[in-house]
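Structural overview for review
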Amino acid sequence: MKIHIIGGGSIGLLLASRMSLGGSPATVWTRTPEQADLINREGIRLREVNEGSEQKDELVARVEGEWIGGLAVQNGRGCESPRFLQNDDSGCFHWLLLTVKQTQLEDELLHALRLLGERVGGRAAILCMQNGIGHLHKIADATNGAIPVFAAVTAAGARRIGLNEVLHTGKGEIWIGDFPENGEKGTNPWKYQQKMLLDALGKAGFSSFLSNEIHNRIYYKLLINSVINPLTALFDVSNGELPRHPRRLELMRRLHEESRLILMEAGLKPGQNTWEELLLVCSRTSENVSSMLSDVRNGKETEIQSINGAIISLANQYEKPAPLNRAVTDLIAAMTIMP
Ligand SMILES: NC(=O)C1=CN([C@@H]2O[C@H](COP(=O)(O)OP(=O)(O)OC[C@H]3O[C@@H](n4cnc5c(N)ncnc54)[C@H](OP(=O)(O)O)[C@@H]3O)[C@@H](O)[C@H]2O)C=CC1
Ligand SMILES: CC(C)(CO)C(=O)C(=O)O
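The chain goes by 2-dehydropantoate 2-reductase in an unreviewed UniProt entry, where it is assigned to Paenibacillus oryzae. The Pathway (unreviewed entry) comment attached to the chain in UniProt states, word for word, "Cofactor biosynthesis; (R)-pantothenate biosynthesis; (R)-pantoate from 3-methyl-2-oxobutanoate: step 2/2." UniProt lists a comment for the chain under the heading Catalytic activity (unreviewed entry), and it reads "(R)-pantoate + NADP(+) = 2-dehydropantoate + NADPH + H(+)".

Each helix and strand counted, the chain has 11 helices and 12 strands in total. Here the chain, with 339 residues, has 52% of them falling under the buried criterion. For the chain, long-range pairs separated by at least 24 residues make up 72% of all intrachain contacts whose partners lie at least 6 apart in sequence. Carbon and sulfur atoms provide 49% of the accessible area of the chain, an area that totals close to 15500 Å².

Next up on the list: the environment of Met335. Along the chain, Met335 falls in helix H11 (residues 323-335). Note on Met335: relative accessible area 32%, which makes it partly exposed. Sequence separation of Met335 and Lys300 is 35 residues, and the distance between their C-alpha atoms is 10.0 Å.

Turning our eyes to something else, we now look at the sheet that holds strand S9 (residues 157-162). The 4 strands lie next to each other as S4-S3-S10-S9, forming an open sheet whose pairing is mixed. On the outer flanks of this sheet lie strand S4 (56-61) and S9, each paired with one strand and no other. Ignoring strand direction, the axes of neighbouring strands in this sheet form an average angle of 25 degrees. As paired elements, strand S3 (residues 44-49) and strand S10 (residues 165-170) share 4 bridges and run parallel to each other. Paired with Glu48 across the bridge in S10 is His168.

For the rest of this paragraph, the subject is the environment of Val328. Position of Val328 among the secondary structure elements: in helix H11. Residues contacting Val328, with those up to four places away along its chain left out, are Pro230, Leu231, Leu234, Leu255, Ile304 and Asn308.

Now for the site of ligand 2. Asn131, Lys221, Asn225, Ile228, Asn229, Asn239, Val281, Asn288, Ser290 and Ser291 make up every residue found near ligand 2. Here an oxygen atom of ligand 2 and a side-chain polar atom of Asn131 are 2.8 Å apart. In this structure, Asn239 approaches ligand 2 through a side-chain N or O atom, which is 2.9 Å from an oxygen atom. Protein contact buries 95% of the 280 Å² of open area that ligand 2 shows by itself. If one sorts the elements of the shell around ligand 2 by residue count, helix H6 (residues 214-235) sits on top with 4 residues. Looking at the shell around ligand 2, its residues break down into 2 nonpolar, 7 polar and 1 charged.

Two numbers describe a pair of aromatic rings. These are the distance of the centres and the angle of the planes. Summed over the entire model, instances satisfying the criterion amount to 4 aromatic pairs. Measuring from centroid to centroid gives 6.1 Å for Phe93 and Trp190, while their planes differ by 50 degrees, and the two rings are tilted. Here Phe93 is found in the loop between strand S5 (64-67) and strand S6 (94-98), whereas its partner Trp190 is found in the loop between strand S11 (174-178) and helix H5 (191-203), with 97 residues between them in sequence. With respect to class, Phe93 is no different from Trp190; both count as buried. Arg217 extends its terminal NZ or CZ atom over the ring of Trp175, reaching a point 3.3 Å from the ring centre.

Thresholds applied
Residues numbered from 1 in each chain as written. Chains lettered and ligands numbered in written order. Predicted model: local features only at pLDDT ≥ 70, side-chain atom pairs only at ≥ 80, totals over all residues. Heavy atoms only, no water. UniProt positions renumbered as here; feature names shortened; annotations may be inferred. Helix = DSSP H or I, 4+ residues; strand = E, 2+ residues; numbered from the N terminus. Buried < 20%, exposed > 50% of the residue type's maximum accessible area, 1.4 Å probe, protein only. Contact = heavy atoms within 4.5 Å. Areas by Shrake-Rupley, 256 points an atom, 1.4 Å probe, with all protein chains shown as cover. Pairing = 2+ DSSP bridges. Axes fitted to C-alpha atoms, helices over the stretch in contact; angles between N-to-C directions. Near = heavy atom within 4 Å. Polar contact = N/O pair within 3.5 Å; in protein donor to acceptor, adjacent residues only side chain to side chain. Nonpolar A, V, L, I, M, F, W, Y, C, P; charged D, E, K, R; others polar. Phe/Tyr/Trp six-rings, centres within 6.5 Å; stacked < 30°, edge-to-face > 60°. Lys NZ or Arg CZ within 6 Å of the ring centre and 35° of its normal.

Shown next as structure tokens:
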């Protein structure tokens, strides 16, 4: 089995470094040759944040970096294709852990994934690490069955602090599920490959599991992100700081309740104490700068449309009110720097 991490950002560097340290060598496919070169020369510096302590353990993971380069294989314009698209006669199975943002799922990348699926026929699968919703259908549609698509949901937190340096800011489980169903319902031709991946993630220190109800987990995570991400970005605070302010805590509670009612209508299963869980995520990832705040700080486009924007779409579909989701969506959109 070969592990490819597409995107050398926060989650990508965390997975690559931990998996390599756990004995499963990973290749990080980067957007720039500089980052690939740095990773090859120096490896990835992983800093573990220890709960309740200021001390951060630093580990250095030997990881292969590759510039994803020449994705413009589209239309056969004669550009060089990334190496993972070139002929592979190793016979091994390739897991592609897709760690780009929802907003970075561009046509060229999707096209390259489809080409890869066609070339290695049955010996590759994509695991999507994105928050929010919408990406799985987008990837499955663009790859048109050429490569199976799996969803991952994680409460782990990470923050890239340099091109080859990452902080592991929050421990959290990783849940993996089949989405949409690859192959006949009830059969799972990828069971062995999934078990291999779970094993590699386990050795990397992630508690990971297969889920038969990944839709529910995706909605559950969406609920959590719909509160933490926009509010931390609006108030410019870490996840742990957010609930410490009583008025912000009250806003969190109201936004959580609005999103919860909409998601329940859309199929989120009742019976979970989502409010308690939300507060737990804030404390477990307390040092983390949420991915949305990080984007706002870096002047990048945020994932607001795939998170609160997606909840608004569900609210429209099920005729539920969504004033707070609308407000945070508009406010975050207005914070994003115009191109
Ligand atoms: N950070 C966190 O704690 C968590 C994040 N997530 C989710 O994981 C996903 C990734 O988040 P995060 O890691 O924070 O985001 P980052 O912005 O840190 O990382 C995304 C990376 O993908 C790279 N990239 C974009 N397009 C391409 C491409 N075509 N080829 C190669 N690389 C590419 C970017 O390159 P460049 O640097 O050049 O822009 C960047 O390094 C998001 O959907 C987020 O919601 C989920 C749980 C927790
Ligand atoms: C769980 C959380 C909120 C951790 O920061 C996250 O998923 C994100 O930042 O996008």
